[in-house]
Amino acid sequence: MKTDTPRPIHLKNYKPSDYLIDTIELDVSLHPEKTRVKSRIKIRPNPLSKATGAPLRLDGQNLSLERVAIGGKKLNKSSYRLTKNGLTIPKVPNRKFTLEITTTCSPEANKSLSGLYRSQGIYCTQCEPQGFRRITYYLDRPDVLAIFKTRLEADKKDVPVLLSNGNLVKSGALKGGKRHYAVWHDPHPKPAYLFALVGGKLTCVRDKFTTKSRRKVDLRIYVEPGKQDRCAWAMDSLKRAMQWDEKRFGREYDLDIFMIVAVSDFNMGAMENKGLNIFNDKLILARPDTASDNDYASIEAVIAHEYFHNWTGNRITCRDWFQLCLKEGLTVFRDQEFTADTRERTVERIRSVRALKTQQFPEDNGPLAHPVRPASYIEINNFYTATVYEKGAELCRMIQTFVGRKGFRKGMDLYFERHDGEAATVEDFIGAMADANRIDLGQFMLWYEQAGTPELVCSLSYNRQKREACLSIEQICPPTPAQPKKKPVHLPLRCGLLSANGQDIDLVLDNGEPVRDGVLDIRRRTQTFTFQNVPSKPVPSLLRTFSAPVRLTLSLSDHDLEFLMANDSDPFNRWQASQSYATRIIIQMTEAIRQGKTSRKGAPFVKALGATLCDPTLDPAYKAEFLKLPSESDIAREIGTNVDPEAIHNARESLRSRVGHELHDLLVELYDTNAVKGRYSPNAKQAGQRALRTVSLALLAAAGTEPDFERLVRHYWRAKNMTDQMGALLILTHLQIPERETIFQDFYDRWQDDHLVLDKWFALQAISSLSETLDVVKKLKEHPRFSMKTPNKVRAVIGTFASSNPLHFNRADGQGYDFVAKSILELDGFNPQIAARITAVFKSWRMLGPKRQRQAKKALKSIASHKGLSKDTYEIVTKTLG
């Protein structure tokens, strides 16, 4: 191994910090090129550390050190050591002492957007996970919690607003009147990653919230001037989230003020800094003419997510970064529950499971597979993954399935009681759940320790004479990198048996015990359950509500799937039956295409789909989900080996066309009858109607007749909101019709000065299935309004092309891979975090056919061999190649 090869950090090597910090006072004098930071830190030896008299090692990067003092006495250079990654003081007092450090940094030069940076004239910070070390030398680790007091100073004209964590203590003008200051105090101890400051020309939208204890909280959203009219939905979402958390989990907000700042250049979606959340502005700003229903829903969910972190992440933080799922998985579960309670639960469950299968299942099935709690990492930025977030949320959901909603609340109450103000571990959380509910969750811990997606291979037999149905289950835990052998995990399997008349059969085991809530307790590698008093051969409905994040293998005939589509009382499984049926047909059609044959399969599926759409009891949003065929990536995942993305695309388009033709009149009726009358609202009802209209419109366009194209064009020109405009554009981007260019130009002319809407214009072209798309994407990268320094633009063009256009990213000639690889290397020089995340799109390259595998491997090797590659991208590319 080369000496400069990045070395992994291991969970097993965790040890407490040798020192703790009680308080830190920061004095930050903001300047674009030379911001000066003075810190006064009260430090003491950690009684849990065994290294008495250990050197004090502080993290720090890209800083210029001006002064170090202990107890007011300045240290000479021989008393400390400086490296590119930190400051070490070999000898410090073996008692409480005060350390003073003065450093400078350049926010303007910081293009990584980690630490303190300046963009669009606004000073901003991003300290999670390890950005605070770019602000000053510090013990930058999550298990060191301190009380922060922050004084900010800046030019009053250029930076009229100065914000930091906690409550505002005082503010005013400095002598001479050109500069001013503000002092903020956060009374709650926190790790450095939750520190934040913002300074710039911002306007404020204000509101109030009254907590259940009748305390008034000042709510503020800061945005760039002129954008105040786009904050109403974000503010409304915040207030509803605060109220929901009080009701559902008994958690009340704990400061006098809660602030959100929206910035345009941000590596993440949002950040839960205590009392001062910083958001990517696309997750705050919304108006009916600029934001779609999906945008409104994302804003609602992310606002809730970051607010919920106040308790699950801030008040209780994680001991080390290996415990990241403790705050992120749990908080994703909480925001999913909020959305389900706010909107339509089944539809939201469908959307979250679709995202899990699209993003996390491939991660679990490839070279980047890792446990929900990783055992090691090279760069922690690379573990903000679907496994940690979405799969982590599924583990919380399984616990709630075991203990019920009330039991989960009991466990949460005990968790807060035991660990408020602490840096906790997964074991602390699981221990609270187990103790509160008197349940053994020891085996369940394997979910946090083992990577991969378990598979349940199930079979159902029926004994007519005994009137018994026997369900046999084999649990298979496939090998993953560094984990060739796995133990069976503990999971809940929610199930039902349907009689010939479509009714659920009461589930009673052969020992006379009823199956509570239809949930079977799965613990062993093989298990058999025998149900008594089953009057006729049933049709099984397994994994209802997607009760565990597993792959289900169950032999069901086409007729069984049609029966479940029409009769399953579990609406999630009713939808899943449709998806499974469509997947089966598209795979068969794909194979026929690869053999040069024509397949006309699908007539019974289309008929069953039509019957479902005619059911008057079903919600429009649910019908819209039913009409969405599995994606090309879904089909590729199910095929698994020797994947041909072009054949999959053609097969799926063929089935879409068939649905459009054979259900034409019904789709026209759905389109016409779901037109929304009156004023726009992003509420679930209206959004569901618009979603059903859009998917109907898309299938009608797939039929390919001139009247259908004319309807689509009219839809765009008559649109009165962004949802309807985007609905038309998402269809038009794939069609080579004369009006396409005119409409895309019209959209650009209208919105070229609005960076958020312009990102939609970029992304719409990057997902196109038309043959010239790669050339178009290359031109977009050179567009005067595109910048590689702006993460949202990079995600809109390069990220969208790589992750959402499998047809052209996986071009047989390898040009899609080559374009993305070169873009990754360009990004890696100044923003390795974004570069590494895009590199992860190659994670499924080994599923492809031989020719595409060779091309993908060539692109990956070009990245891996690049001189000076960041450790972020190095970790992803070497694992992907491995």
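Keep in mind the model is a prediction, meaning the values are calculated, not measured.

Trainee: I'd like a description of the overall build of the protein, backed by residues and values.
Mentor: Looking only at helices and strands, the protein features 26 helices and 31 strands. The C-alpha atoms of the protein give 28 Å as radius of gyration, which agrees with the globular expectation for 882 residues (29 Å, within 12%). Structurally, the protein occupies a C-alpha span of about 90 × 70 × 60 Å along its principal axes. Evaluated residue by residue, the protein yields a buried proportion of 62% over its 882 residues. Within the protein, residue pairs in contact and separated by at least 24 positions form 70% of the contacts whose partners lie at least 6 positions apart. Per element, the accessible surface of the protein, about 35600 Å² overall, is 49% carbon and sulfur. Of note, the protein has its 132 positive side-chain charges centred 5 Å away from the centre of its 104 negative side-chain charges.

Trainee: Quick one: what's the story with the packing of aromatic side chains, residue by residue and with numbers?
Mentor: Inspection of the entire model under this criterion finds 39 aromatic pairs. When the centroid spacing of 6.0 Å and the interplanar angle of 80 degrees are considered together, the rings of F132 and F148 count as edge-to-face. Taken together, the residues span a long stretch of sequence, with F132 in the loop between strand 11 (122-126) and strand 12 (146-155) and F148 in strand 12 at a distance of 16 residues. Each member of the pair, F132 as well as F148, carries the same accessibility label: buried. When the centroid spacing of 4.8 Å and the interplanar angle of 65 degrees are considered together, the rings of Y193 and W321 count as edge-to-face. Placement of the pair is Y193 in the loop between strand 15 (179-190) and strand 16 (197-200) and W321 in the loop between strand 22 (317-318) and helix 3 (324-342), with a sequence separation of 128 residues. Accessibility classification places Y193 together with W321 in one group, the buried group. Within the aromatic cluster, the residues linked to one another by ring pairs are W244, F249, Y253, F258, Y307, F308, F333, F338 and F408. A cation sits over an aromatic face here: R251 above W311, 4.6 Å from the ring centre. Taking NZ or CZ as reference, R740 lies 4.9 Å from the ring centre of F744, over its face.

Trainee: Could you give an account of the pairing of strand 9 (residues 97-105), naming the residues involved and the relevant values?
Mentor: With 9 of its 9 residues buried, strand 9 lies for the most part within the structure. In strand 9, alternate side chains face the same way, and those of F97, L99, I101, T103 and C105 on one face and T98, E100, T102 and T104 on the other are all buried. Sheet topology note: the strand 3 (residues 35-45)/strand 9 ladder contains 9 bridges and is antiparallel. Note on strand 9: the bridge partner recorded for K38 is T102.

Trainee: Describe the pairing of strand 14 (residues 167-173), naming the residues involved and giving the relevant values.
Mentor: Bridging between strand 14 and strand 15 involves 6 bridges; their strand directions are antiparallel. Paired with K170 across the bridge in strand 15 is V183. From the end of strand 14 to the start of strand 15, which pair antiparallel, there are 5 residues, and G176 there has a positive phi angle of about 100 degrees.

Trainee: I'd like a rundown of the state of the cysteines, residues and numbers included.
Mentor: Enumeration over the complete set of coordinates arrives at 0 disulfides. A disulfide-free cysteine, C204 has its sulfur positioned 8.9 Å from the sulfur of C231, the nearest such atom. Look at C204 and you get partly exposed, because its relative accessible area is 30%. Take C231: its relative accessible area is 1%, and that puts it in the buried class.

Trainee: Account for the pattern of salt bridges, naming residues and giving values.
Mentor: For the coordinates displayed, the defined rule picks out 71 salt bridges. Between D59 and R133 there is a salt bridge; the shortest N-O distance is 3.6 Å. Remark: R133 occurs in the loop between strand 11 and strand 12 and D59 occurs in strand 4 (residues 56-59); sequence separation between them is 74 residues. A salt bridge links R551 to E638; the nearest nitrogen and oxygen atoms lie 3.7 Å apart. Of this pair, R551 sits in strand 31 (residues 551-554) while E638 sits in helix 12 (residues 632-639), and the two are 87 residues apart along the sequence.

Trainee: Break down the side chain of D828 for me, citing the residues and quoting the values.
Mentor: For D828, the position within the fold is in helix 23 (residues 815-828). There is no salt bridge for the buried D828, and the closest opposite charge comes from R134, which lies 11 Å off by N-O distance. Ignoring anything within four residues of it in the chain, the contact list for D828 reads A835, G868, L869, S870 and T873.

Trainee: Just give me the short version of the sheet that holds strand 26 (residues 468-476), but keep the residues and values in it.
Mentor: Reading across the sheet, the 4 strands line up as 29-26-25-31 and stay open at both edges, with mixed pairing between neighbours. Only two strands of the sheet have a single neighbouring strand rather than two, namely strand 29 (526-531) and strand 31. Adjacent strand axes in the sheet meet at a mean angle of 20 degrees when their direction is disregarded. Pairing between strand 25 (residues 455-463) and strand 26: 9 bridges, direction antiparallel. Of the residues in strand 26, the one forming a bridge with S461 is C470.

Trainee: Explain the environment of K789 residue by residue, including any values.
Mentor: Mapped onto the elements, K789 comes out in the loop between helix 20 (773-781) and helix 21 (791-804). For K789, a relative accessible area of 42% puts it in the partly exposed group. Each C-alpha atom, one on K789 and one on R179, is 30 Å from the other, the two residues being 610 residues apart in sequence. Those residues within four positions of K789 in sequence are excluded, and the remaining contacts are K111 and F830.

Trainee: Please give an account of the packing of helix 5 (residues 386-419) against helix 6 (residues 426-437) that cites residues and values.
Mentor: Where helix 5 contacts helix 6, the two axes come as close as 7 Å, and the packing angle between them is 105 degrees. Looking at the two axes, helix 5 sits roughly perpendicular to helix 6. Residues C396, I399, V403, G407, F408, K410, G411, M412, L414, Y415, R418 and H419 of helix 5 form the contact with helix 6, whose participating residues are D428, F429, I430, G431, A432, M433, D435, A436 and N437. When its residues are assigned to classes, the contact of helix 5 with helix 6 shows 12 nonpolar, 5 polar and 4 charged.

Trainee: Account for the environment of R230, with residues named and values stated.
Mentor: Here R230 shows up in the loop between strand 18 (216-223) and helix 1 (232-249). Sequence spacing of R230 and A687 is 457 residues, and the spatial spacing of their C-alpha atoms is 18 Å. With near-sequence residues (within four places) excluded, R230 lies in contact with I284, L285, A286, R287, T290 and D754.

Trainee: Let's hear about helix 1: which residues, and what values?
Mentor: Over its 18 residues, helix 1 extends 25 Å from the first C-alpha to the last, a length consistent with the 26 Å expected when each residue adds 1.5 Å. Listed as buried for helix 1 are W233, A234, M235, S237, L238, A241, M242, W244, D245, E246, R248 and F249. Looking at the buried residues of helix 1, the elements they touch are strand 17 (203-210), strand 18, strand 19 (257-263), helix 2 (293-308), helix 3 and helix 5.

Trainee: Kindly report on the sheet that holds strand 15, identifying the contributing residues and their values.
Mentor: Spatial strand order, 6-5-9-3-2-12-15-14: 8 strands in an open sheet with mixed pairing. Edge positions in the open sheet fall to strand 6 (73-74) and strand 14, since each of these has one partner strand only. Inspection of the sheet shows strand 12 paired to strand 15 by 9 bridges, in the antiparallel sense. Note on strand 15: the bridge partner recorded for K149 is H185.

Trainee: Before we move on, can you summarise the side chain of Q725 with the specific residues and values?
Mentor: If you trace the backbone, Q725 turns up in helix 17 (residues 722-732). Look past the residues within four positions of Q725 in its chain and what remains in contact with it is Y716, A719, F747, R750 and W751.

Trainee: Tell me about the environment of F563, and name the residues and values.
Mentor: In this structure, F563 sits in helix 8 (residues 558-567). Along the backbone, F563 and A500 are 63 residues apart, and their C-alpha atoms lie at a distance of 9.2 Å.

Trainee: Run through the nonpolar core, naming residues and quoting values.
Mentor: Membership of the largest hydrophobic core comes to 282 residues, with the highest contact counts inside it found for F408 and F429. With 14 residues, helix 5 is the largest single contributor of residues to this core. If we ignore the near neighbours within four places in the chain, the residues touching F408 are F249, L330, F333, C396, I399, Q400, V403, F429 and M433.

Trainee: Please set out unusual backbone geometry residue by residue, giving values where relevant.
Mentor: Cis rather than trans, the peptide bond between E128 and P129 has omega equal to 0 degrees. Mapped onto the elements of the fold, P129 is located in the loop between strand 11 and strand 12. For R467, which is not a glycine, the phi torsion comes out positive at approximately 55 degrees. Within the fold, R467 resides in the loop between strand 25 and strand 26. For R467, a relative accessible area of 39% corresponds to the partly exposed category. The phi dihedral of F546 falls on the positive side, at around 55 degrees, and the residue is not glycine. Relative to the elements of secondary structure, F546 occurs in the loop between strand 30 (539-542) and strand 31.

Cut-offs applied
Residues numbered from 1 in each chain as written. Predicted model: local features only at pLDDT ≥ 70, side-chain atom pairs only at ≥ 80, totals over all residues. Heavy atoms only, no water. Helix = DSSP H or I, 4+ residues; strand = E, 2+ residues; numbered from the N terminus. Rg over C-alpha atoms; globule rule 2.2 N^0.38 Å. Buried < 20%, exposed > 50% of the residue type's maximum accessible area, 1.4 Å probe, protein only. Contact = heavy atoms within 4.5 Å. Areas by Shrake-Rupley, 256 points an atom, 1.4 Å probe, with all protein chains shown as cover. Lys, Arg positive; Asp, Glu negative; His and termini not counted. Charge placed at Lys NZ, Arg CZ, Asp CG, Glu CD. Phe/Tyr/Trp six-rings, centres within 6.5 Å; stacked < 30°, edge-to-face > 60°. Lys NZ or Arg CZ within 6 Å of the ring centre and 35° of its normal. Pairing = 2+ DSSP bridges. Disulfide = S-S within 2.5 Å. Salt bridge = Lys/Arg side-chain N within 4 Å of Asp/Glu carboxyl O. Axes fitted to C-alpha atoms, helices over the stretch in contact; angles between N-to-C directions. Parallel < 35°, antiparallel > 145°, perpendicular 65-115°, else oblique. Nonpolar A, V, L, I, M, F, W, Y, C, P; charged D, E, K, R; others polar. Expected span 1.5 Å × (residues − 1). Core = buried A, V, L, I, M, F, W, Y, C linked by side-chain atoms within 4.5 Å.

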